[in-house]
Amino acid sequence: MLKKYFDNIDTRILKALQRNGRLQNNELANEIGLSNSACLRRVNHLEESGVIDNYVALLNPKKVNCNLIVYALGSFFEEDPELKERFIFEVKLIPQITECHFMAGSFDFLLKLNVSDLDQFNYIKNTYLNSRLGIKTLKSEVTLKTVKSTTELPL
């Protein structure tokens, strides 16, 4: 499916920028084997088309006191659209929740939290992730060791 949208050069540009979003255009052009102007045109096109969505700095969680990753699986009491909208609104306000996904299957949602410790997670769980938001059950899993974590999408 990728081949429909990108040629080999675009794919190589995207892979290089996923590895290092700070590459200067001349460095990227050299790595890909293009002229500076051709490389810049392609990157601009990938940005304008929305393929390149954003450039960010990835922080080391331990250096910013986010020592613990907790995954929380939860279910709602009922299918109430207003409660779901309130849940979405509240979740977006909690900075320790770094991912939120609605799920198909045994649970209604999955949260990823980056917290300093179990006390902080417990505080967030008891203060925010409760029946006030229509949450019936919440099962949490604490990571012991991260074997792989990447922001690179397979191309």
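Above this text is the structure in question.
Residues numbered from 1 in each chain as written. Predicted model: local features only at pLDDT ≥ 70, side-chain atom pairs only at ≥ 80, totals over all residues. Heavy atoms only, no water.

Asker: Which residues make up the packing of aromatic side chains, and what are the values?
Answerer: Applying the stated criterion across every chain, the model contains six aromatic pairs. The interplanar angle of 45° and the centroid separation of 4.6 Å between the aromatic rings of phenylalanine 87 and phenylalanine 109 together place this pair among those described as tilted. With a gap of 22 residues between them, phenylalanine 87 in helix α5 (residues 81–93) and phenylalanine 109 in strand β3 (residues 109–115) connect regions that are remote in the sequence. Judged by its relative accessible area of 0%, phenylalanine 87 falls in the buried class. Ring geometry for tyrosine 123 against tyrosine 128: centres 6.4 Å apart, planes inclined by 85°, an arrangement best described as edge-to-face. Members of the aromatic cluster, joined through ring pairs, are Phe76, Phe87, Phe102 and Phe109. Its guanidinium or amino end placed over the ring of phenylalanine 102, lysine 84 lies 5.4 Å from that ring's centre, counting from NZ or CZ. (Phe/Tyr/Trp six-rings, centres within 6.5 Å; stacked < 30°, edge-to-face > 60°. Helix = DSSP H or I, 4+ residues; strand = E, 2+ residues; numbered from the N terminus. Buried < 20%, exposed > 50% of the residue type's maximum accessible area, 1.4 Å probe, protein only. Lys NZ or Arg CZ within 6 Å of the ring centre and 35° of its normal.)

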